[in-house]
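The residues making up each chain are set out below.
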Amino acid sequence: MPRKRKKLQLPLVYKPLGFALGWASGALAGLAFEAAWKAVRHEEDAPDALDKDRGWGEVLLAAALQGALFAVARSAADRAGAKAVERSTGIWPSPDKGKGRGGRGGRS
């Protein structure tokens, strides 16, 4: 019975850690996006959707690059945090998702 109780409480304990990791990964992704945009387009500022002087292609390229970098950074931070919690407690922080896709039990 104590193990079930611990499983129910661990996701709540993980939430502040997940929030901090998400914030940090977002900040790092923002810096990575600025550096990547400078490397790709040799410009200081990336266009946004309401920039009248930029074309569709340029705006969509910037959005795709930014989205990809944010998704990768967030996934890496979430995964690293979950693995750290599992190493220190022996419990995966998400009770629903610890068994992998399709319930086969595989973890990486």
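Residues numbered from 1 in each chain as written. Predicted model: local features only at pLDDT ≥ 70, side-chain atom pairs only at ≥ 80, totals over all residues. Heavy atoms only, no water.

So, the overall build of the protein
So, point 1. Counting secondary structure elements, the protein contains two helices and zero strands.
So, point 2. Looking at the protein residue by residue over its 108 residues, the buried ones come to 22%.
So, point 3. Contacts spanning at least 24 positions in sequence make up 55% of the contacts within the protein whose residues lie at least 6 apart. (Helix = DSSP H or I, 4+ residues; strand = E, 2+ residues; numbered from the N terminus. Buried < 20%, exposed > 50% of the residue type's maximum accessible area, 1.4 Å probe, protein only. Contact = heavy atoms within 4.5 Å.)

Re the pattern of salt bridges
So, point 1. Enumeration over the complete set of coordinates arrives at seven salt bridges.
So, point 2. We note a salt bridge from K83 to E86, for which the minimum N-O separation is 3.8 Å. Pair noted here: K83 and E86 are both in helix α2 (residues 56–89), with a separation of three residues, about one helical turn.
So, point 3. When its relative accessible area of 24% is taken as the criterion, K83 is described as partly exposed.
So, point 4. One continuous salt-bridge network, built from bridges that share partners, spans R41, E43, D51, R54 and E58. (Salt bridge = Lys/Arg side-chain N within 4 Å of Asp/Glu carboxyl O.)

A few points about the side chain of S25
So, point 1. Here S25 lies in helix α1 (residues 2–41).
So, point 2. With relative accessibility at 7%, the residue S25 sits in the buried group.

Considerations on the packing of aromatic side chains
So, point 1. Per the counting criterion, the structure on display carries one aromatic pair.
So, point 2. With a centroid separation of 6.3 Å and an interplanar angle of 35 degrees, the aromatic rings of F33 and W37 are classed as tilted. Pair noted here: F33 and W37 are both in helix α1, with a separation of four residues, about one helical turn. In this pair, the class of F33 matches that of W37, namely buried. (Phe/Tyr/Trp six-rings, centres within 6.5 Å; stacked < 30°, edge-to-face > 60°.)

Treat this as a map of the structure, not an account of what it does.
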